[in-house]
Amino acid sequence: MATKQEEQQTQAARHQEVGHKSLLQSDALYQYILETSVYPGEHEAMKELREITAKHPWSISSRISFRSETYTFIEDMAFFFAGRGKLIWFFDYSRNIMTTSADEGQFLSMLLKLMNAKNTMEIGVYTGYSLLATALALPDDGKILAMDINRENYQLGLPVIQKAGVAHKIDFREGPALPLLDQLIEDKSNHGTYDFIFVDADKDNYINYHKRLIDLVKVGGVIGYDNTLWNGSVVAPPDAPLRKYVRYYRDFVLELNKAMAADPRIEICQLPVGDGITLCRRVY
């Protein structure tokens, strides 16, 4: 029979799983979602790539502690309290923010199937976890134009994608996405041809991507922007202790959220799945 310490160590290990990137305040509840909804029907290739990505150096967690008279920062989970223990906000630095979470991968797969999507695009690939989820959800003649500045990371997941028999659906392009998007836009035949576009890349270019993607996605099609709640930091107080990159990209995420809410060409739905995903359906 496992001791209490062993159970705690096991639970801690689970919390370091790749994609443990949830806005839920209860780790136990998040684990429940994974074990009852995601993992039972998870494709073997998705599991394999998830485990490969977990070993990537960029998946290493960061843990810090902070205490002051104003705030209390508790170990890995950055819960900030003021007054008589009132929760102000939280930001979790320990979770990997480089990859799509397992539950978000499941959500994207379901969405693509419901949409009967066939022609898609992905900006920001990393090791290809969300790319694999998309490829598995598309029909055999489905297509994904995938862009990333780092081919080396993509090649980590490529053998798994090939083994799953879906590599033929992927057209991977290495390099910055904006020049390629501009080339696509120059050719009017590309306008309105994409059923679904997923963006999980450099947040400081999200607005620039949106300006171009709105012409490429079809009317009725969907653009999904990942990390639009930036792990909860979008509601952090001005004097909250944030890492430089978190604070820097947060401003761009806030800018995007404001712009999308005011864009009459789309209707949006922001979901607290993973690190926050905003779906934009083009209406004209």
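What counts, and at which threshold
Residues numbered from 1 in each chain as written. Predicted model: local features only at pLDDT ≥ 70, side-chain atom pairs only at ≥ 80, totals over all residues. Heavy atoms only, no water. Helix = DSSP H or I, 4+ residues; strand = E, 2+ residues; numbered from the N terminus. Buried < 20%, exposed > 50% of the residue type's maximum accessible area, 1.4 Å probe, protein only. Contact = heavy atoms within 4.5 Å. Areas by Shrake-Rupley, 256 points an atom, 1.4 Å probe, with all protein chains shown as cover. 1 Å grid on protein atoms, 1.4 Å probe; cavity = no way out; pocket = protein on both sides within 12 Å on 5 of 7 lines; lining within 4 Å. Points joined across faces, edges and corners; volume = space filled by probe spheres on them. Nonpolar A, V, L, I, M, F, W, Y, C, P; charged D, E, K, R; others polar. Pairing = 2+ DSSP bridges. Axes fitted to C-alpha atoms, helices over the stretch in contact; angles between N-to-C directions. Core = buried A, V, L, I, M, F, W, Y, C linked by side-chain atoms within 4.5 Å. pLDDT = per-residue confidence, 0-100. Expected span 1.5 Å × (residues − 1). Bend = angle between axes of the 7 residues up to and from the residue. Polar contact = N/O pair within 3.5 Å; in protein donor to acceptor, adjacent residues only side chain to side chain. Phe/Tyr/Trp six-rings, centres within 6.5 Å; stacked < 30°, edge-to-face > 60°. Arc of directions from axis to C-beta.

Some points on the overall build of the protein chain
The helix and strand inventory of the protein chain stands at nine helices and 11 strands. In the protein chain, buried positions account for 49% of the 284 residues. Within the protein chain, residue pairs in contact and separated by at least 24 positions form 67% of the contacts whose partners lie at least 6 positions apart. Carbon and sulfur atoms provide 53% of the accessible area of the protein chain, an area that totals close to 13,800 Å².

Some details on the layout of surface pockets
Empty space within the second largest pocket amounts to approximately 310 Å³. Looking at the second largest pocket, it is lined by 15 residues, and the ones nearest its centre are Gly41, Glu42, His43, Gln106 and Ser109. Put simply, the parts of the chain that give the lining of the second largest pocket at least two residues each are helix H2 (27-38), helix H4 (102-115) and helix H5 (129-137). A per-element tally of the lining of the second largest pocket places H4 first, with six residues. Here the lining of the second largest pocket is built from residues that sort into seven nonpolar, six polar and two charged.

Regarding unusual backbone geometry
In this model, Tyr126 sits at a positive phi of 55 degrees, which is unusual for a non-glycine residue. A positive phi angle, near 65 degrees, is found at Asn227, a position not held by glycine. Its place among the elements puts Asn227 in the loop between strand S9 (217-226) and helix H9 (244-262).

Describing the sheet that holds strand S7 (residues 170-174)
Reading across the sheet, the seven strands line up as S7-S6-S5-S8-S9-S11-S10 and stay open at both edges, with mixed pairing between neighbours. Looking at which strands have only one partner, the edges of the open sheet turn out to be S7 and strand S10 (266-271). With strand direction ignored, the average angle separating the axes of adjacent strands in the sheet is 15 degrees. Contacting strand S5 (119-123), strand S8 (194-199), S9, S10 and strand S11 (277-282), H4 runs over the sheet at an angle of about 170 degrees to S8. Against the sheet, helix H8 (residues 206-216) makes contact with S5, S8, S9, S10 and S11, and its axis sits at roughly 160 degrees relative to S9, the strand it touches most.

Some thoughts on the nonpolar core
Counting 34 residues, the largest nonpolar core has Leu131, Leu132, Tyr154, Ile161, Ile170 and Phe196 as the members making the most contacts within it. No other element matches H5, which puts six residues into this core. When neighbours within four sequence positions are excluded, Tyr154 is seen to be in contact with Val125, Tyr126, Thr127, Leu131, Ile161, Ile170 and Phe172. Counting residues in each nonpolar core, the second largest holds 27 residues, with Leu180, Ala201, Tyr206 and Leu216 among its members.

Side note on the confidence of the model for the protein chain
Summarising the model, the protein chain shows a mean pLDDT of 83, and 77% of its residues fall at 70 or more. Across residues 8-20 the pLDDT falls below 50, and counting only partners more than four positions away or on other chains, this stretch makes 28 contacts in the model. Long-range and interchain partners of residues 60-95, a stretch whose pLDDT sits below 50, account for 88 contacts in this model, where long-range means more than four residues apart.

Section: helix H6 (residues 151-163)
The end-to-end C-alpha distance of H6 is 18 Å, a good match for the 18 Å that 13 residues give at a rise of 1.5 Å each. The principal kink in H6, of about 40 degrees, is found at Gly157, preceding the proline Pro159 by one to four residues. Looking at H6, one finds that the buried residues are Asn153, Tyr154, Gly157, Leu158, Val160 and Ile161. Packing partners of the buried residues in H6 comprise helix H3 (44-54), H5 and S7. With a side-chain oxygen lying 2.9 Å from the backbone nitrogen of Glu152, the N-terminal cap of H6 falls on Asn150. Gly165 sits one or two positions beyond H6 and adopts a positive phi of about 80 degrees.

Some remarks on the packing of aromatic side chains
Per the stated rule, a full pass over the model turns up six aromatic pairs. Ring centres of Trp230 and Tyr249 lie 6.3 Å apart, and the angle between their planes is 80 degrees; on these two criteria the pair is classed as edge-to-face. Of this pair, Trp230 sits in the loop between S9 and H9 while Tyr249 sits in helix H9, and the two are 19 residues apart along the sequence. Geometrically, the ring pair formed by Tyr248 and Tyr249 is edge-to-face, given 5.0 Å between the ring centres and 75 degrees between the ring planes. Each member of the aromatic cluster is reached from another via a ring pair, and the members are Trp230, Tyr245, Tyr248, Tyr249 and Phe252.

Topic: H3
Within H3, the full set of buried residues consists of Ala45, Met46, Leu49, Arg50 and Thr53. Along the axis of H3, the buried positions cluster into a sector of 135 degrees, meaning they face one direction only. Summarising the contacts, the buried residues of H3 are in contact with H4, H5 and H6.

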